[in-house]
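Chain by chain, the residues:
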Amino acid sequence: MREYNPKEIEKKWQDIWEKNHVFEASNDKSKPKFYALIEFPYPSGQGLHVGHPRPYTALDIVSRKRRMQGYNVLFPIGWDAFGLPTENYAIKNKVHPKLVTEKNVERFKSQLKSLGFSFDWSREINTTDPEYYKWTQWIFLKLFEKGLAYKKEAAINWCTECKVGLANEEVVNGVCERCGGEVVRKVKNQWMLKITEYAERLINDLETVDFIERVKVQQINWIGRSEGAEVDFRTTEDYVLKVYTTRPDTLFGATYMVISPEHPMIDTLKDKIENMDELLNYRDLAARKSDFERTELSKEKTGVQIKGIMAVNPVNNKEIPIWVSDYVLMSYGTGAIMAVPGHDTRDWEFAKKFGLPIIEVVAGGDIEKEAFTDIETGRMVNSDFLNGLEVKEAKEKIIAWLEEKGIGKRKVNYKLRDWVFSRQRYWGEPIPLVYCEKCGWVPIPEDELPLLLPEVESYEPTDTGESPLANITEWVNTTCPKCGGKATRETDTMPQWAGSSWYFLRYVDPHNKNALASKENLEYWMPVDWYNGGMEHTTLHLLYSRFWHKFLYDIGVVTTPEPYMKRTSHGMILGENNEKMSKSRGNVVNPDDMVNEFGADTLRMYEMFIGDFEKAVPWSYNGIKGCRRFLDRVWRLQNFLVDGEEYSKDLETSMHRTIKKVSEDFESLKFNTAIAAMMSLINEFYSKERVNKAEFRTFLILLNPVAPHITEELWEIAGFPGMLHNQKWPEWDESKTVEDQVEIAIQINGKVRERITIPSGLDRQGTENAAMKDPKVTALIEGKNIVKVIAVPGKLVNIVVK
RNA sequence: GCGGACAUGGCGGAAUUGGCAGACGCGCUAGAUUUAGGAUCUAGUGGCAACCCCGUGCAGGUUCAAGUCCUGUUGUCCGCACCA
């Protein structure tokens, strides 16, 4: 027997698979399809770390199994390659981001290939490839055409050091992630996408897909649907203040109003407001607060009353004061609220601080001590025609009343905001629009796509907060496609989330020149059958891509309303010290080192055996050694190999059980227990010092998805026909998964006192009889009064005595 | 503050509908082999000296029977965070 040498055999089989194109998805659409998807990586300069292969191996296992089950499998890979880290690195080292990207992709690719994933490399895509981003731009133009892309003033994070706009995730503790510089809010004209228009469907359609519960919950919370009413409040001036409330039932308890510092009423009525200076001062102060201050130091409420104007509560015509406070956000609802301090915690705090009246309108709590916000138990009081009703009934009644009087209506609101789609950076997809003095924003003609990123010497950010593209005058200045007059290009680029919002569609037809993908291929492959990815993308990429897909569905490009049928998520792999892996903590484990020392099969296996797939887990050097030990034992099975085309009698049950366990566990993310089952089986082979050909074949097939190289090699050494990767997945016979004899426990008063072995088919009565006959049991219950006997066939008998 | 998840040996983790807690692996102990170390093989390994007994974060409860169900409570992690 040769020694197990992973270095040699892994390279050998990877070359064979590649040469024979064995993992490329077929165009044969008569076979059932299976589309497995992992989140395509961002090719960073750091290369892969051991966290990456965890989800990849999981879906590689499922893909390999599906192929052996006769499916046409699409398991693609690509690069999400636009983005800031590459651009920053490029600026710092004076290299073009394109070259940086190429280098990083190459590194990632060789790392991934060394792990033996069964990706279809012929469909590799790259978001920075003009042939790819042509279609990203095309989708943007469609969104623009349908009025779902619009330009609006919005605040961005601006790093004063790097002179660059930052994404929210690039602002850490109020400073720039890269340089530690101060980050301020800068109001800029931004392209926005109307994701809010899809809010309702993004929630409702979650019912039609198989996503793990925590993903659904997080998306629903993020979208934040709430039901309530809009109510008009007259003022003592000619101005109607519209508010949104989820508690219209408490209208009689509204003792004052609060508007956001940015509310337009302040400017509209500036001539009537007596303390305008004070208000403007407050507005200024609020604006200068960074996001950090607003969240961390938000304990104490602040505010200023508007002097000279009062609002009128529509239910009782009482005049109530209007305040300005930054606890009311312009970006939610109408930017104004009716304050009901008796039944809203924030209003209560504000009222206490400024000595405003608190009226109880829902009985049940003690509003002297705190706001009473319970909506289940309370009864309406001090509310005229609502008195005595439950909160739920009162809501209905008051909404009907408001609608009848024409001063309010039922309204649904969402926390979800429209998607800020502009980035003032170079390394992203150019937005394919030009601005013409005469025609406004005009899309460039589709046949001129892609609009290429200009090749330039310098792409450094500017002092002004403009995109670096703004400096390239020969690129910016163009003609209007509509009127032929002078026009300028949009200089902002798209965010990194753009390319990843539709990449799974390109995989089904990656070289198509005429469409983002052909109708036939989309119809055959979509939706994705199984998508695994990180929880950190739940409210970003996953939501964005569902939005784009629904849009594409609406305009007839794709044929399903949802892109992904099933979504699962993996846990993080931590350092040996139980902390997050990071360079600064010095606990990073490089997969290359592991492949070098133990082999790819061992690494893959350990990634799956390490623990509960969905939970975070610390890396363990000893743990991976154990997996290598197992593969060494697998290798040495050759020594025990004997003839036999049927499972031997004494192993038959174990074989069928293991097939069942492995088959089922691979489907339900329980890779760790599937591997444990195979370890148990090999322990049996070893204790019998024998494995026959039929058993060995099945064992190799079961192990193949986890450890594809060693199993192929052993298959070949054993002289089995063909190659392993296209064998048929074994089946189990349910009737053969149970032993003839089964050991059951006999309990007396719930405590195990004896174990007996009985035929496994025995029924309840038979089981009971067998137990009662047992000599030890008879001795133990001798002279006692039997109250009850509970027999569970195949499990236990419990005798209750006194 | 709101929402979600989790809690089992020295460690990672197993345990259909409530039915023998601790599968499998690591680590550890002893033995075999080896000049030695490593590797490998064999046996053992929740606690207790020990049969009894005690053991699934803590306190109650339901049940013949609870890691699993119910009530309360503590801790850890994640997401959101003045969303009216």
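Worth saying up front: this structure is predicted, and the values here are computed from it rather than measured.

Parameters at a glance
Residues numbered from 1 in each chain as written. Chains lettered and ligands numbered in written order. Predicted model: local features only at pLDDT ≥ 70, side-chain atom pairs only at ≥ 80, totals over all residues. Heavy atoms only, no water. Helix = DSSP H or I, 4+ residues; strand = E, 2+ residues; numbered from the N terminus. Buried < 20%, exposed > 50% of the residue type's maximum accessible area, 1.4 Å probe, protein only. Contact = heavy atoms within 4.5 Å. Areas by Shrake-Rupley, 256 points an atom, 1.4 Å probe, with all protein chains shown as cover. Near = heavy atom within 4 Å. Polar contact = N/O pair within 3.5 Å; in protein donor to acceptor, adjacent residues only side chain to side chain. Salt bridge = Lys/Arg side-chain N within 4 Å of Asp/Glu carboxyl O. Disulfide = S-S within 2.5 Å. Phe/Tyr/Trp six-rings, centres within 6.5 Å; stacked < 30°, edge-to-face > 60°. Pairing = 2+ DSSP bridges. Axes fitted to C-alpha atoms, helices over the stretch in contact; angles between N-to-C directions. Parallel < 35°, antiparallel > 145°, perpendicular 65-115°, else oblique. Nonpolar A, V, L, I, M, F, W, Y, C, P; charged D, E, K, R; others polar. Core = buried A, V, L, I, M, F, W, Y, C linked by side-chain atoms within 4.5 Å. Domains from an automatic or database assignment. Expected span 1.5 Å × (residues − 1). pLDDT = per-residue confidence, 0-100.

> Which residues make up the overall build of chain A, and what are the values?
For chain A, the helix and strand inventory stands at 25 helices and 34 strands. Principal-axis analysis of the C-alpha atoms gives chain A an extent of 100 × 85 × 50 Å. Out of the 802 residues belonging to chain A, those deemed buried represent 54%. For chain A, restricting intrachain contacts to residue pairs at least 6 apart in sequence, the fraction spanning at least 24 positions comes to 72%. Of the accessible surface of chain A, which amounts to about 36000 Å², a share of 49% is contributed by carbon and sulfur atoms.

> Describe the protein's contact with RNA strand B, naming the residues involved and giving the relevant values.
In the vicinity of RNA strand B, 49 residues are found, and the nearest of them are Thr 246, Arg 346, Ile 610, Glu 743 and Arg 755. Each atom of RNA strand B within 4 Å of the protein was assigned to sugar, phosphate or base; sugar and phosphate come to 66%. With respect to RNA strand B, the side chain of Lys 301 contributes an N or O atom lying 2.6 Å from a base oxygen. Looking at the surface near RNA strand B, the elements that each hand over two or more residues are α7 (213–223), β12 (240–245), α19 (621–635), α21 (671–688), β31 (741–748), β32 (751–759), β33 (786–792) and β34 (796–801). Among the elements that take part in the surface near RNA strand B, α21 stands out by supplying 6 residues, more than any other.

> Please provide a residue-by-residue account of the pattern of salt bridges, values included.
Scanning the entire structure with this criterion turns up 51 salt bridges. Close ionic contact of Asp 60 with Arg 604 constitutes a salt bridge, the shortest N to O distance being 2.6 Å. In this pair, Asp 60 is assigned in helix α2 (residues 53–68) and Arg 604 in helix α18 (residues 600–609), connecting sequence segments 544 residues apart. The exposure classification of Asp 60 matches that of Arg 604, with both residues buried. The residue Arg 225 makes a salt bridge to Glu 200 at a minimum N-O spacing of 3.2 Å. Residue Arg 225 is located in strand β11 (residues 225–235), and its partner Glu 200 is located in helix α6 (residues 199–204); the two are separated by 25 residues in the primary sequence. Overall, Arg 225 belongs to the partly exposed group, its relative accessible area being 34%. Linked by salt bridges that have partners in common, Arg 2, Lys 12, Glu 713 and Glu 716 make up one network.

> Explain the state of the cysteines to me, and be specific about the residues and the numbers.
Tallied over the entire structure, the rule returns 0 disulfides. Looking at Cys 439, it has no disulfide partner, and the nearest cysteine sulfur is the one in Cys 483, 3.7 Å off. A relative accessible area of 25% places Cys 439 in the partly exposed class.

> Account for the packing of aromatic side chains, naming residues and giving values.
How two aromatic rings sit relative to each other is set out by the distance from centre to centre and by the angle between their planes. One pass over the full model with this rule turns up 50 aromatic pairs. Between Trp 419 and Phe 421 the ring centres are 5.1 Å apart and the planes differ by 85°, which places this aromatic pair in the edge-to-face class. For the residue pair Trp 419 and Phe 421, the accessibility class agrees, reading buried in each case. Taken together, a centroid distance of 6.2 Å and an interplanar angle of 45° make the contact between Trp 419 and Trp 548 tilted. Taken as a pair, Trp 419 in strand β20 (residues 419–420) and Trp 548 in helix α16 (residues 541–554) lie far apart in primary sequence, 129 residues in all.

> Outline the sheet that holds strand β26 (residues 566–568), listing residues and values.
Read across the open sheet, the 5 strands follow the order β2-β1-β25-β26-β10; overall the sheet is parallel. With partners counted over all chains shown, the strands left at the sheet margins are β2 (72–74) and β10 (210–211), one partner each. Taken together, the 3 bridges between strand β1 (residues 33–38) and strand β25 (residues 530–532) define a ladder with parallel strand orientation. Bridging across to β25, Ile 38 finds its partner in Asn 532.

> Hey, could you go over the packing of helix α17 (residues 591–598) against α18 for me, with residue numbers and the actual values?
Packed helix pairs are specified by the crossing angle of their axes together with the interaxial distance, meaning the distance between the axes. Between α17 and α18, the least distance of the axes is 7 Å, while the angle of their chain directions is 120°. In terms of axis orientation, α17 runs oblique to α18. Where α17 abuts α18, its residues Pro 591, Met 594, Val 595 and Phe 598 lie against Ala 600, Thr 602 and Leu 603. Taken together, the residues of the contact of α17 with α18 sort by class into 6 nonpolar, 1 polar and no charged.

> Break down the pairing of β32 for me, citing the residues and quoting the values.
As judged from the 8 bridges shared by β31 and β32, these two strands associate in the antiparallel manner. In the strand pairing of β32, Ile 748 is matched with Lys 751. What sits between β31 and β32 in their antiparallel hairpin is a turn of 2 residues, with Asn 749 showing a positive phi close to 55°.

> Please give an account of the nonpolar core that cites residues and values.
Counting residues in hydrophobic clusters, the biggest one holds 85 residues, and the most contacted among them are Tyr 35 and Trp 548. Here this core takes 9 residues from helix α5 (residues 130–145), the largest share from any one element. Trp 121, Leu 651, Trp 715 and Leu 724 belong to the second-largest nonpolar core, a separate cluster that totals 83 residues.

> Which residues make up the side chain of Thr 493, and what are the values?
With respect to the secondary-structure elements, Thr 493 resides in the loop between β24 (486–489) and α14 (503–506). Owing to a relative accessible area of 1%, Thr 493 belongs among the buried residues under this scheme. Within polar-contact distance, the side chain of Thr 493 engages the backbone oxygen of Arg 425 at 2.9 Å.

> So, helix α3 (residues 84–93): which residues are in play, and what are the values?
Three or more residues of α3 are buried, namely Leu 84, Thr 86, Glu 87, Asn 88, Ala 90 and Ile 91. Those residues of α3 hidden inside the fold are in contact with α4 (97–114).

> Report on the sheet that holds β24, specifying residues and quantitative values.
Strand order in the open sheet formed by 4 strands is β22-β21-β24-β23, and the pairing between neighbours is antiparallel. The sheet is open, and its two borders are formed by β22 (440–443) and β23 (477–479), each paired with just one other strand. Between one strand axis and the next, the sheet turns through 40° on average, direction left out of account. Sheet analysis places strand β21 (residues 433–436) next to β24, joined by 3 bridges and oriented antiparallel. Paired with Cys 436 across the two strands is Ala 487, which belongs to β24.

> Go over the domain arrangement of chain A with me, naming the residues and quoting the values.
Looking at the assigned domains, one finds that chain A contains domain 1 (31–130 + 497–570), domain 2 (140–197 + 420–489), domain 3 (225–414), domain 4 (591–736) and domain 5 (740–801). Computed over C-alpha atoms, the centres of domain 2 and domain 4 are 53 Å apart.

> Before we move on, could you go through helix α20 (residues 652–667) and cite the residues and values that matter?
Compared with an ideal rise of 1.5 Å per residue, which puts 16 residues at 22 Å, α20 spans 23 Å between its outermost C-alpha atoms and is within 8% of the ideal. On its buried side, α20 packs onto α2, β25, α21 and α22 (693–703). Looking at the residues trailing α20, positive phi occurs at Leu 669, about 65°.

> Explain the confidence of the model for chain A to me, and be specific about the residues and the numbers.
When pLDDT is averaged along chain A, the result is 91, and 96% of the positions lie at 70 or above. Mean pLDDT across the elements of chain A ranges from a minimum in helix α10 (residues 291–296), with 55, to a maximum in α14, with 98.

> So what's going on with the environment of Ile 320? Which residues, and what values?
Position of Ile 320 among the secondary structure elements: in strand β15 (residues 319–324). Relative accessible area serves as the criterion here: at 6%, Ile 320 is assigned to the buried category. With 65 residues separating them in the primary sequence, Ile 320 and Thr 255 have C-alpha atoms 5.9 Å apart. Excluding residues that lie within four positions of it along the chain, Ile 320 makes contacts with Phe 233, Ala 254, Thr 255, Tyr 256, Met 257, Met 310, Ala 311 and Asn 313.

> So what's going on with the environment of Gly 333? Which residues, and what values?
Mapped onto the secondary structure, Gly 333 falls in the loop between β15 and β16 (336–339). Sequence separation between Gly 333 and Gly 78 is 255 residues, and the spatial gap between their C-alpha atoms is 41 Å. With near-sequence residues (within four places) excluded, Gly 333 lies in contact with Tyr 244 and Asn 413.

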